[in-house]
Amino acid sequence: MSTQASWRALDRGPVIAGGTSRAFLTGTWRTERPVLDLERCIHCMLCWLYCPDSSIQARDGRVVGIDLDHCKGCGVCAAVCPPRAHAIVMVPEGQP
Amino acid sequence: MSVLAPTRRLGLTGNDAVALAWKQINPDVVAAYPITPSTQVVEKFSQYVADGVVQTQFVPVESEHSALSACVGAAACGARVMTATSSQGLALMHEILYIAAGLRLPIVMAVANRALSAPINIHGDHSDAMGSRDSGWLQLYAKDVQDAYDLTILAVRVAERARLPVMVGLDGFTLSHSLEVVDVYGDDAVRAFVGPGPDDHYHFLDSPEPITIGPLALPDSYMDFRRALAEAVARSAEIIAREAAAFREHFGRSLPVFVEPVAMEAARAAVVLMGSYAGVVEEAVLRWREAGRAVGLVRPVVFRPFPAEALRAALAGVEHVVVMERADTLSTLGGPLGVELRAALYGAVRRPVVTDVIFGLGGRELREEDLEQVGRLVEEAPGGVRYLGTGDGV
């Protein structure tokens, strides 16, 4: 919806197609970014389970990456990552 | 009388009449919580459900907030939906009222109008529905039990064509619990009139084509939805007029639309009054007329959309108006009807003096001497706001 959209077209109330959240890039809200070290990852899937934004990408039961377009940088993945694996660390945005 | 509609005459209370109308309409879903004085609508209707004479899915919920929430969910799926409430129950629905209207869902609700706490009071006045007046719901007010029955049936077509929810108000106890003779139409005639149901299903449960109803709307679009809602309420006037004409055609009974004028020919003064006390005041007005006083009565049937044009037309040529109403805005400017009537008349070429009389709060009766005071006020046209029947005179 844009300011150009005429209110006349809105006679059925607010109804939109499903799945639009994919196009809504919440990753722009982030101040800290998770950095995943796949060498250290033991694929326990805790980060996948806890991520509130479904941003942990997995295939065949194995973590393959993080969807940074939708990750809000909450840090839950790093917090639940087992200490001995320590595969995810949070890094401030703007730092490599 | 239309061939389609053989009528029976039955003795019914207002609540019975609403429940009977629902039975004849056979809605898909009724979700409700009982509250005095609307309880019997749901009680009676749940009996129809238990007896299997309707196919309605009845949802007994734990509060009015849930009742209207369930109605919103069902209506969003394209179901034809009804509920009933009163007073604190309507107040508890307040949050969801706006959602029902904003989502443009054609829910029909019976409101057995009752006072609001505190102090707690179960008797009739219009404070409950007046608290909902800016929610986007259309509001119709019955004068008698026949009206409550007819307006319930009419409301279904109005709601579905305007894509707006509609409240039908019947005064608590005065109408909800009083037995009157009602002309009841045949079940087939009612079902033929209301038709098969809303035609614009949101296909909410269509998994190959999922939709989101009521998403977040930020400043770039929220106001456009509200603008569309305002337009829908304004446009509903045409729809109400058209559907009332269809009602007359179908059932052979005329419904007063917007306002019902009584003895307004060459009237120099008028009483404006909604709801059940119109009958009593009509008696008084006719007596005044016989005594040579040029006083008439104008009864608004529709409160939302506000019938500004109809009121201006009905009151053209009138110099004094007494608005009698059973709610207050506590703004020092009078009740909601008086405030809005004054606003509607402000642009008129000749503006009558409007005196706002608040009466009958919490079921206080209107006595003979109160009517005499109204007669005096309409003559003297003092303007301002008066409280009738509180012992301090007007």
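Residues numbered from 1 in each chain as written. Chains lettered and ligands numbered in written order. Predicted model: local features only at pLDDT ≥ 70, side-chain atom pairs only at ≥ 80, totals over all residues. Heavy atoms only, no water.

Participant: What should I look at first to understand the overall build of chain B in this one?
Facilitator: Within chain B, the regular secondary structure consists of 13 helices and 16 strands. Taking 21 Å as the expected radius of gyration for a compact globule of 394 residues, we find that chain B reaches 21 Å, a close match to that expectation. Structurally, chain B occupies a C-alpha span of about 70 × 55 × 40 Å along its principal axes. Residue burial in chain B is summarised as follows: out of 394 residues, 58% are buried. Here the analysis covers contacts within chain B between residues at least 6 apart in sequence; of these, 79% occur between residues at least 24 apart. Of the roughly 15700 Å² of accessible surface on chain B, 54% is carried by carbon and sulfur atoms. If the 34 positive side-chain charges of chain B are averaged to one point and the 48 negative ones to another, these points end up 4 Å apart. (Helix = DSSP H or I, 4+ residues; strand = E, 2+ residues; numbered from the N terminus. Rg over C-alpha atoms; globule rule 2.2 N^0.38 Å. Buried < 20%, exposed > 50% of the residue type's maximum accessible area, 1.4 Å probe, protein only. Contact = heavy atoms within 4.5 Å. Areas by Shrake-Rupley, 256 points an atom, 1.4 Å probe, with all protein chains shown as cover. Lys, Arg positive; Asp, Glu negative; His and termini not counted. Charge placed at Lys NZ, Arg CZ, Asp CG, Glu CD.)

Participant: Would you explain the sheet that holds strand E7 (residues 166-171) of chain B in this entry?
Facilitator: Sheets are built from strands paired through backbone hydrogen bonds, the pairs being either parallel or antiparallel. Residue and element names in this part refer to chain B. With mixed pairing, seven strands are arranged side by side in an open sheet as E3-E2-E4-E5-E7-E6-E13. The open sheet has two edge strands, strand E3 (57-60) and strand E13 (302-304), and neither has a second partner. The sheet shows a mean angle of 20° between the axes of neighbouring strands, direction not considered. When strand E2 (residues 29-32) meets strand E4 (residues 81-85), the two strands line up parallel, connected through two bridges. Residue pairing for E4: Val 29 is matched across the bridge by Val 81. (Pairing = 2+ DSSP bridges. Axes fitted to C-alpha atoms, helices over the stretch in contact; angles between N-to-C directions.)

Participant: Explain the packing of helix H8 (residues 187-194) of chain B against helix H9 (residues 222-251) of chain B here, please?
Facilitator: The description of two packed helices rests on the angle between their axes and on the distance between the axes. All names here are of chain B. Two elements in contact, H8 and H9, have axes separated by 11 Å at closest approach and are oriented at 150°. When the axes of H8 and H9 are compared, the pair comes out roughly antiparallel. Viewed along their axes, H8 and H9 form a crossing whose handedness is right-handed. Counting all contacts with H8, which are made through Ala 189, Val 190, Ala 192 and Phe 193, the residues of H9 involved are Glu 243, Ala 246, Phe 247, His 250 and Phe 251. Here the residues of the contact of H8 with H9 sort into seven nonpolar, one polar and one charged. (Parallel < 35°, antiparallel > 145°, perpendicular 65-115°, else oblique. Left-handed = near helix turned anticlockwise from the far one by under 90°. Nonpolar A, V, L, I, M, F, W, Y, C, P; charged D, E, K, R; others polar.)

Participant: What is the right way to read the sheet that holds strand E10 (residues 259-262) of chain B from this model?
Facilitator: Residue and element names in this part refer to chain B. Strand order across the open sheet formed by six strands is E10-E12-E11-E14-E15-E16, with mixed pairing between neighbours. Two strands lie at the open edges of the sheet, namely E10 and strand E16 (384-387), each paired on one side alone. Going across the sheet, the axis of each strand differs from the next one's by a mean of 20°, ignoring polarity. Seen against the sheet, helix H13 (residues 368-380) touches strand E11 (269-273), strand E12 (295-300), strand E14 (320-325), strand E15 (353-358) and E16 and runs at an angle of roughly 145° to E14.

Participant: Is there a simple way to explain the packing of aromatic side chains in this structure?
Facilitator: Aromatic ring pairs are defined here through the distance separating the ring centres and the angle between the ring planes. The final tally for this structure, using the stated rule, is twelve aromatic pairs over all chains. Each ring, one from Phe 24 of chain A and one from Trp 29 of chain A, has its centre 6.5 Å from the other, and the planes form 85°; the classification is edge-to-face. Where Tyr 277 of chain B meets Phe 359 of chain B, the ring centres are 5.4 Å apart and the plane angle is 80°; that geometry is what we call edge-to-face. Placement of Tyr 277 of chain B in the loop between E11 and helix H10 (278-290) and of Phe 359 of chain B in the loop between E15 and H13 is noted, with a sequence separation of 82 residues between them. Accessibility assignment for this pair places Tyr 277 of chain B and Phe 359 of chain B in one class, buried. Above the plane of the ring of Trp 7 of chain A lies Arg 227 of chain B, whose end atom (NZ or CZ) is 4.0 Å from the centre. Lying across the ring of Tyr 346 of chain B, Arg 351 of chain B places its NZ or CZ 4.6 Å from the centre. (Phe/Tyr/Trp six-rings, centres within 6.5 Å; stacked < 30°, edge-to-face > 60°. Lys NZ or Arg CZ within 6 Å of the ring centre and 35° of its normal.)

Participant: Would you mind going over helix H5 (residues 94-102) of chain B with me for this structure?
Facilitator: Every α-helix carries 3.6 residues per turn, so stepping three or four residues along brings you back to the same face. Residues and elements named next belong to chain B. Taken together, the buried positions of H5 are occupied by Ile 96, Leu 97, Ala 100 and Ala 101. For H5, the buried positions fall inside an angular range of 140° around the axis, keeping them on one side. Lining the buried residues of H5 we find helix H3 (64-76), helix H4 (87-92), strand E5 (108-113), E7 and H9. Positive phi appears at Arg 104, one or two residues downstream of H5, with a value of about 60°. (Arc of directions from axis to C-beta.)

Participant: Please explain the environment of Arg 253 of chain B as it appears in this structure.
Facilitator: Residues and elements named next belong to chain B. Position of Arg 253 relative to the elements: it lies in the loop between H9 and E10. By relative accessible area, Arg 253 is classed as partly exposed at 21%. Taking the C-alpha atoms as reference points, Arg 253 and Asp 150, separated by 103 residues in sequence, lie 9.1 Å from one another. Only 2.6 Å separates the side chain of Arg 253 from the side chain of Asp 183, close enough to count as a polar contact. (Polar contact = N/O pair within 3.5 Å; in protein donor to acceptor, adjacent residues only side chain to side chain.)

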